[in-house]
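# An overview of the molecular structure
What follows is each chain in one-letter form.
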Amino acid sequence: VSTLGLICGFKELAKKKNWKNIVVGAAPIHCPRCVRDLEKMGFNVLSCLNLGGRITKFWFNDNDPQIWVRNSLFWYIRESILRLLPWRVYSKIAG
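Notes on the structure follow.

What counts, and at which threshold
- Residues numbered from 1 in each chain as written.
- Predicted model: local features only at pLDDT ≥ 70, side-chain atom pairs only at ≥ 80, totals over all residues.
- Heavy atoms only, no water.
- Helix = DSSP H or I, 4+ residues; strand = E, 2+ residues; numbered from the N terminus.
- Buried < 20%, exposed > 50% of the residue type's maximum accessible area, 1.4 Å probe, protein only.
- Disulfide = S-S within 2.5 Å.

Moving on to the environment of N50. Mapped onto the elements of the fold, N50 is located in strand β2 (residues 44-50). We classify N50 as partly exposed; its relative accessible area is 44%. In this structure the C-alpha to C-alpha distance between N50 and G25, which are 25 residues apart in sequence, comes to 6.3 Å.

Attention now goes to the state of the cysteines. Per the counting criterion, the structure on display carries 1 disulfide. Across a sulfur-sulfur distance of 2.1 Å, C31 and C48 are joined as a disulfide pair. Classification of the bridge connecting C31 and C48 rests on its S-S torsion, roughly -80 degrees, and on that basis the disulfide is left-handed. You can see C31 sitting in helix α2 (residues 31-40) and its partner C48 sitting in strand β2, a full 17 residues away along the chain. Judged by its relative accessible area of 6%, C31 falls in the buried class.

In short, the description is geometric, and any link to function would need to be established separately.
Below is the structure:
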């Protein structure tokens, strides 16, 4: 499930609970996209807690089925592309 896919599911729950202001917990390298996606979906993000502090090998797994989380180079290549996409395109491929 993509980041945006999770946010879309969360949006349904938040609507039922009338949640508009949220605090995000994510890996430091993932916070910027989490916040951007949440704000685009209408949430007011109060803060993004960087879980685990600085970037470490902890966030990557050489055996992960998703190639972009196997190492930081793969992550940054994919993340750079995703951040450059217009929202309309990104939301179609990631939603």
